Amino acid sequence: MSRKEFRDLAAPEEAHATIADLDVGGGSEIVSLAEASGRVLAERVDAGLDVPGFDRSALDGYALRARDTFGASEGDPAEFSIVGTVEAGERPAVEIGNEEAVEIATGAVMPDDADAMVPVERTEEVEDGLLVRTSVTPGENVMAAGADIAAGERALGPGTRLTAREIGLLSALGVDEVPVRAKPRVGIVSTGDELVRPGEAVDSGRGQIYDVNSYTTAAGVKEAGGEPVVYPHAGDDMDAMERVLRKAADECDLVLSSGSTSASAVDVVYHVIDEQGELLLHGVAIKPGKPMLVGRLAGAAYVGLPGYPVSALSIFRTFVAPAIRRAAGQSEPATATVEAWMANRERYEGGRRRLVPVGLVADGSGEMLAYPVDKGSGATTSLVEADGIVEMPADVNYLDEGERVTVELFSPEVRPPTLFGVGEDDPLVSRLLDRLDRPRYLGQGSRGGQRWLRDGVADVAVSSVTEAEVGIDLGGWTREWGLVVPDGNPDGVEGLADLVDREVRFVNRPTESGLRTSLANALADLADERGVERHELVESIDGFEFTLEAHESPARRVLAGDADVGLGLRATAAKLGCGFIPVGSERVAVLANPERTDKPGVEELEAELDEIDDLLDELPGYGR
């Protein structure tokens, strides 16, 4: 066999690009939740039910009607009759009337007609009943159904690596199997007559050595998210080598060989690939690792690693492992701790050591900012939305904005999101996020989004509230909003006037929501028409102050028969099979932090905003 000299050495960037163009496997498959740990989601998972699935007490105390506590104080308590008890895990068997209360345990189901609860510390049991020494508002000290995560919300997005936190969230949603990225199947072939497998006798006199590369490469493949398949090592005979390599190519997505890649007359792998497949690259300008091959063989991708173990491992980690991680959906490895600046102040006066869950985002100059993420100890999503923990000692009452902190990552693989957005909970936003690489989004409403943007924490805010001049408008869409009613509109609701003039049960959105602002503006117009103050109309609406966080939640209350009318979108009504009475249309804008418009994630989002016509067509009531 003639000696073949190296071709012109490729630059490392060319080698990366050549391997990136290969199809090294991936795809998707369905696995059970028990097998999902460590895998990567291939598709978005939406919540199919509310978590919690019922309104529950946040504390030990007494469930009652909030209106019966009006004016109650330490000096002038309200008097109640105790009519029963509800423990956690049992169905309430009592009903509450005027000035009646039910003793209730933390986590227990709120009885019908009870819309708030008072902590036991603010009450006193007396011979004739109960004294309540504070007033409460509807929903106070109650974790509403869907407060952790609501049915219809985007629970986890494609590309999410499933750790114990995400498995816990999926379990809470009742999910028993998930679509994940398939592990690339990687065949490993070590070549050379001198190789002996560990465990067998080695004859040093004949120049035999143990096969190191098969096992180190297999371990690297597994760490990168692939499925290694180790084949018997091949000698330097071209026919034997071809048989082994072809078998591996037939059975795997990617074939890795080690050895027989140099310009020596006995190094024959490049001849096999050149003659039986396609040789794309031979030799890279890097040390160690110059004798490297890249090509295709029998439909499989192929990379030839050098024979020396250090060189083989260096080339694998530098060029091959990233390609396997991309195919498997795995993130690049990161350090276990990150130094960051606190994005905003975090107060705590509990007198105990505290572990603060924080998310990470890169600012305009690339510095890491840490922002607290905490919905309470009962909320699974607090951990899913965080990247790590900042420890606050017992004698520290606050972390100041701009303070340098050390973030202990949940795992070395954790990486900050490429895009961090805050704002409206909107069905188009969920679809748009699916098209981006590793975004993170907090549904904090229009006003919340603008506040996070104004404070310099978020990359972008999604808002339908436009009074405040904040951020750079990257684009947006319009959406039709109104009143969601049961299918067929059995109560004959025609518009906002019916909320004011008739006895219908209404479910609202929070004050941070853009829909709430649009409703307030429409009620102000109605008040002007009638020559009255807006607050007079608001006070006439049964349930105006009862709010739910997610955009589908009011409609789902209507669907369940727990409300007559809910504030919502035409798209939501259509999805759930409800009736809809249009009230208006509002524009939703995506606003960018002026200092981060050149951040790759923001640029990617801006480009995708120009390509959303297909998403608009999927959602009734949406347009440009």
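As a reminder, the structure under discussion sits directly above these lines.
Keep in mind the model is a prediction, meaning the values are calculated, not measured. (Residues numbered from 1 in each chain as written. Predicted model: local features only at pLDDT ≥ 70, side-chain atom pairs only at ≥ 80, totals over all residues. Heavy atoms only, no water.)

Engineer: Whenever I open this one, empty space enclosed by the protein confuses me. Can you help?
Structural biologist: It is a probe the size of a water molecule, rolled over the atoms, that shows where empty space is left. Under the criterion given, the structure shown has two cavities of 30 Å³ or more. Leu419, Gly421, Val429, Leu432, Leu433, Tyr441, Val460, Val462, Trp477, Val590 and Leu605 are the residues that line the largest cavity. Where the lining of the largest cavity is concerned, the elements lending two or more residues are strand S28 (419-423), helix H8 (427-433) and strand S30 (460-463). Quantified by volume, the second largest cavity comes out at close to 30 Å³. If you trace the second largest cavity, you find it lined by Gly38, Arg39, Val40, Arg181, Lys183, Gly225, Ala328 and Gln330. When the residues that make up the lining of the second largest cavity are grouped by side-chain class, the tally is two nonpolar, three polar and three charged. (1 Å grid on protein atoms, 1.4 Å probe; cavity = no way out; pocket = protein on both sides within 12 Å on 5 of 7 lines; lining within 4 Å. Points joined across faces, edges and corners; volume = space filled by probe spheres on them. Helix = DSSP H or I, 4+ residues; strand = E, 2+ residues; numbered from the N terminus. Nonpolar A, V, L, I, M, F, W, Y, C, P; charged D, E, K, R; others polar.)

Engineer: Teacher, can you tell me more about the nonpolar core here?
Structural biologist: Nonpolar side chains in soluble globular proteins generally cluster together in the buried interior. Core analysis: the largest hydrophobic core is formed by 46 residues, its most contacted members being Trp477 and Phe506. Leu22, Ala224, Ala312 and Ala327 belong to the second largest nonpolar core, which has 28 residues in total. (Core = buried A, V, L, I, M, F, W, Y, C linked by side-chain atoms within 4.5 Å. Buried < 20%, exposed > 50% of the residue type's maximum accessible area, 1.4 Å probe, protein only.)

Engineer: Hey, could you run me through the pairing of strand S13 (residues 185-190) in this one?
Structural biologist: Consecutive residues of a regular strand have side chains that alternate between opposite faces of the sheet. Of all six residues in S13, five are buried, a share of seventy percent or more. Bridge count between S13 and strand S16 (residues 227-230): four bridges; the pairing is parallel. Residue pairing for S16: Ile188 is matched across the bridge by Val230. With five bridges connecting them, S13 and strand S17 (residues 254-258) associate as parallel partners. Within S17, the position partnered with Ile188 by the bridge is Leu256. (Pairing = 2+ DSSP bridges.)

Engineer: Hey, could you run me through the sheet that holds strand S21 (residues 337-342) in this one?
Structural biologist: Hydrogen bonds between backbone groups are what pair the strands of a sheet, and the pairing can be parallel or antiparallel. Here five strands make up a closed barrel; going around it, the order is S21-S24-S23-S25-S27 and the pairing mixed. Neighbouring strand axes in the sheet, compared pairwise and without regard to direction, differ in orientation by 50° on average. As paired strands, strand S23 (residues 354-362) and strand S25 (residues 388-392) are joined by five bridges and run antiparallel to one another. When the sheet's bridge partners are listed, Arg354 is paired in S25 with Met392. (Axes fitted to C-alpha atoms, helices over the stretch in contact; angles between N-to-C directions.)

Engineer: Can you walk me through the packing of helix H3 (residues 213-224) against helix H6 (residues 309-328) in this structure?
Structural biologist: Packed helices, taken two at a time, are described by the angle their axes make and the gap between the axes. Contact pair H3 / H6: the axes reach a minimum separation of 9 Å and the direction vectors enclose 25°. Between H3 and H6, the interaxial angle falls into the category roughly parallel. The two elements H3 and H6 meet at a crossing, and its hand is right-handed. Residues Asn213, Thr217, Gly220, Val221 and Ala224 of H3 pack against Pro309, Ala312, Phe316, Ala321, Ile324, Arg325 and Ala328 of H6. Among the residues making up the contact of H3 with H6, the classes are represented as eight nonpolar, three polar and one charged. (Parallel < 35°, antiparallel > 145°, perpendicular 65-115°, else oblique. Left-handed = near helix turned anticlockwise from the far one by under 90°. Contact = heavy atoms within 4.5 Å.)

Engineer: I would appreciate a short explanation of the sheet that holds strand S5 (residues 78-86) in the present structure.
Structural biologist: Strand order in the open sheet formed by six strands is S7-S4-S6-S5-S9-S8, with mixed pairing between adjacent strands. Edge positions in the sheet fall to strand S7 (116-119) and strand S8 (123-126), since each of these pairs with one other strand and no more. Across the sheet, the mean angle separating the axes of adjacent strands is 40° when strand polarity is ignored. For S5 and strand S6 (residues 100-104), the ladder comprises four bridges, and the chain directions are parallel. When the bridges of S6 are listed, Ser81 appears paired with Glu100.

Engineer: Please explain the side chain of Arg65 as it appears in this structure.
Structural biologist: Within the element layout of this structure, Arg65 appears in the loop between strand S4 (61-64) and S5. There is a polar contact of 3.0 Å between the side chain of Arg65 and the backbone oxygen of Ile96. Setting aside chain neighbours within four positions, we find Arg65 in contact with Ile96, Gly97, Asn98, Asp113 and Asp115. (Polar contact = N/O pair within 3.5 Å; in protein donor to acceptor, adjacent residues only side chain to side chain.)

Engineer: Help me understand the packing of helix H4 (residues 238-251) against helix H5 (residues 269-276) in this model?
Structural biologist: Direction vectors running N to C along H4 and H5 enclose 65°, while the axes themselves pass 10 Å from each other. Two packed elements cross with a definite hand, and for H4 against H5 that hand is right-handed. Contacts between H4 and H5 pair Met238, Met241, Glu242, Leu245 and Arg246 from the former with Val269, His271, Val272, Glu275 and Gln276 from the latter. In terms of residue class, the contact of H4 with H5 is made up of five nonpolar, two polar and three charged.

Engineer: Whenever I open this one, the pattern of salt bridges confuses me. Can you help?
Structural biologist: When the charged atoms of two side chains with opposite charge come close together, those side chains can pair. Scanning the entire structure with this criterion turns up 32 salt bridges. Here Arg557 and Asp55 are joined by a salt bridge, their closest N and O atoms 2.8 Å apart. Separated by 502 residues along the polypeptide, Arg557 in helix H13 (residues 553-559) and Asp55 in the loop between strand S2 (45-46) and strand S3 (56-57) bring together distant segments of the chain. Arg557 sits in the buried class, given a relative accessible area of 13%. Among the ionic pairs, Glu242 bridges to Arg246, the shortest N-O distance being 3.5 Å. Residue Glu242 and its partner Arg246 are located together in helix H4, separated by four residues, close to a single helical turn. (Salt bridge = Lys/Arg side-chain N within 4 Å of Asp/Glu carboxyl O.)

Engineer: It is not clear to me how H5 should be interpreted in this structure. Could you clarify?
Structural biologist: Since the α-helix packs 3.6 residues into each turn, any two residues three or four apart lie on the same face. For H5, the complete set of buried residues consists of Val269, Tyr270, His271, Val272 and Ile273. Turning to H5, the residues buried within the fold contact H4, S17, strand S18 (278-282), strand S19 (293-297) and strand S20 (300-305).

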